[in-house]
Amino acid sequence: MQWLGLDHRSALVTGASSGIGRAIAEELGRCGVAVGVNYYSGRDEADAVVGAIEAQGGRAVALGGDVAKPEDCRAMVEAVAARFGRLDILVANAGIQRDAAFTELTLADWRRVIDTNLTGAFLCAQEAVRRFRAQPPPPESKARGNIIFINSVHQVIPWAGHVNYAASKGGMKLLMESLAQEVAHEKIRVNAIAPGAIKTPINRPAWSEESALRELLELIPYGRIGEPEDVARAAAWLASDHSDYVVGATLFIDGGMTLYPSFREGG
Ligand code: NAI
Ligand code: BGC
């Protein structure tokens, strides 16, 4: 993956012990990026990600931390900089669902989802921007720093029974765009990826049973569920100078889920 020119850079990927975060950490590792592999509860899984990156000749370190806690976000950014000399890329990926019908949704589950998905992304991005400003610009990079938020098609598609999750992702959309507008003049690039249905633990009930998968595929014009690597390859491109003029953009990687598939024969 030398063609992306990412070697000698370092990154923090939050929620990187599973699913999309794991695939992004491994893809960046393959591209020569030194990776801070954040985990929340899965220490063994994070060690396995580090092992996979090292087995390919890359560099990585496992970092425990809760993105909803400012002190953890600060410590993770500092740990990457201490270990690898600097931080060039943040992938704010950590996210959870706590689903319930509207009147059954507890305040605790509302708060936990907003705290993790939205406040967590804010806190990590704030620490990353502070770090980008405090260190000398990277020697062989056009951008001074690069932030990628992992959003969702539910930044635009309303989702009954998941109002906490949809609100967190809708909030993340304007967090990303407002931050991109604020720091672009410093050559800090901020963008997002909005995946559709990707086969990971977060949506296991939607793909593990045949009937559920059949229903899900009705929503995906391209006719297959996404794999974490579909997102990871795009993340590596967004982190590289090959996307240097991409600023404040959201890249939808969803097999066409946002194309209103039920309108193919209606309207
Ligand atoms: P996942 O459940 O495998 O990954 C979520 C990760 O976040 C886990 O590793 C979990 O330990 C970590 N995490 C949870 N709370 C945390 C906290 N407080 N601090 C640090 N880490 C924490 O699921 P997936 O699919 O890989 O999710 C990754 C991101 O992708 C999430 O933001 C999710 O909303 C988003 N996404 C997923 C889609 C899918 O279909 N799988 C589609 C669109 C977006
Ligand atoms: C959710 C998944 C869901 C996908 C498509 C994601 O944001 O986390 O559970 O399958 O959107 O609806």
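Overview of the structure. (Residues numbered from 1 in each chain as written. Chains lettered and ligands numbered in written order. Predicted model: local features only at pLDDT ≥ 70, side-chain atom pairs only at ≥ 80, totals over all residues. Heavy atoms only, no water.)

### Let's talk about the packing of aromatic side chains
Overall, the coordinates contain two aromatic pairs when judged by the stated rule. Seen from their ring centres, W159 and Y165 are 5.7 Å apart, and the 65° between their planes marks the pair as edge-to-face. Judged by its relative accessible area of 27%, W159 falls in the partly exposed class. Between the aromatic rings of Y260 and F263, the centroid separation amounts to 6.2 Å while the plane-to-plane angle is 75°, which identifies the pairing as edge-to-face. Taken as a pair, Y260 and F263 share a single burial class, namely exposed. (Phe/Tyr/Trp six-rings, centres within 6.5 Å; stacked < 30°, edge-to-face > 60°. Buried < 20%, exposed > 50% of the residue type's maximum accessible area, 1.4 Å probe, protein only.)

### A short note on the sheet that holds strand 1 (residues 10-13)
Sheets are built from strands that pair by backbone hydrogen bonding, the pairs being arranged parallel or antiparallel. On the basis of which strands lie adjacent, the open sheet formed by seven strands has the order 3-2-1-4-5-6-7 and parallel pairing. Only two strands of the sheet have a single partner each, and these edge strands are strand 3 (60-64) and strand 7 (250-253). On average, adjacent strands in this sheet sit at an angle of 20° to one another, irrespective of strand direction. Note that strand 5 (residues 145-150) and strand 6 (residues 188-195) share six bridges and pair parallel. Within strand 6, the position partnered with G145 by the bridge is I188. Of the strands in this sheet, strand 4 (89-92), strand 5, strand 6 and strand 7 are in contact with helix 8 (residues 228-239), which crosses strand 6 at around 165°. (Pairing = 2+ DSSP bridges. Helix = DSSP H or I, 4+ residues; strand = E, 2+ residues; numbered from the N terminus. Axes fitted to C-alpha atoms, helices over the stretch in contact; angles between N-to-C directions. Contact = heavy atoms within 4.5 Å.)

### As for unusual backbone geometry
Positive phi is not limited to glycine here, since K187 has a value of about 65°. Relative to the helices and strands, K187 is located in the loop between helix 5 (163-183) and strand 6. The exposed category is assigned to K187, whose relative accessible area is 52%. Its identity as a non-glycine residue notwithstanding, Y260 has a phi of 50°, on the positive side. Along the chain, the position of Y260 falls in the segment after strand 7. Take Y260: its relative accessible area is 61%, and that puts it in the exposed class.

### A word on the site of ligand 2
Surveying the vicinity of ligand 2 reveals the residues Q97, S152, H154, W159, Y165, G196, A197, I202, N203 and M257. One of the side-chain nitrogen or oxygen atoms of Q97 is found 2.6 Å away from an oxygen atom of ligand 2. The contact in question runs from an oxygen atom of ligand 2 to an N or O atom on the side chain of S152, over 2.6 Å. Against a free-state accessible area of 310 Å², the protein chains account for coverage of 91% of ligand 2. Looking at side-chain class alone, the shell around ligand 2 contains five nonpolar, five polar and no charged residues. (Near = heavy atom within 4 Å. Polar contact = N/O pair within 3.5 Å; in protein donor to acceptor, adjacent residues only side chain to side chain. Areas by Shrake-Rupley, 256 points an atom, 1.4 Å probe, with all protein chains shown as cover. Nonpolar A, V, L, I, M, F, W, Y, C, P; charged D, E, K, R; others polar.)

### Quick notes on the packing of helix 1 (residues 19-30) against helix 2 (residues 43-55)
Here helix 1 crosses helix 2 at 25°, and the two axes come no closer than 9 Å. The angle between helix 1 and helix 2 places the two elements in the roughly parallel class. Regarding helix 1 and helix 2, the two cross each other, and that crossing is right-handed. In this structure, helix 1 uses R22, A25, E26 and G29 to contact helix 2, whose residues at the interface are E45, A48, V49, A52 and I53. (Parallel < 35°, antiparallel > 145°, perpendicular 65-115°, else oblique. Left-handed = near helix turned anticlockwise from the far one by under 90°.)

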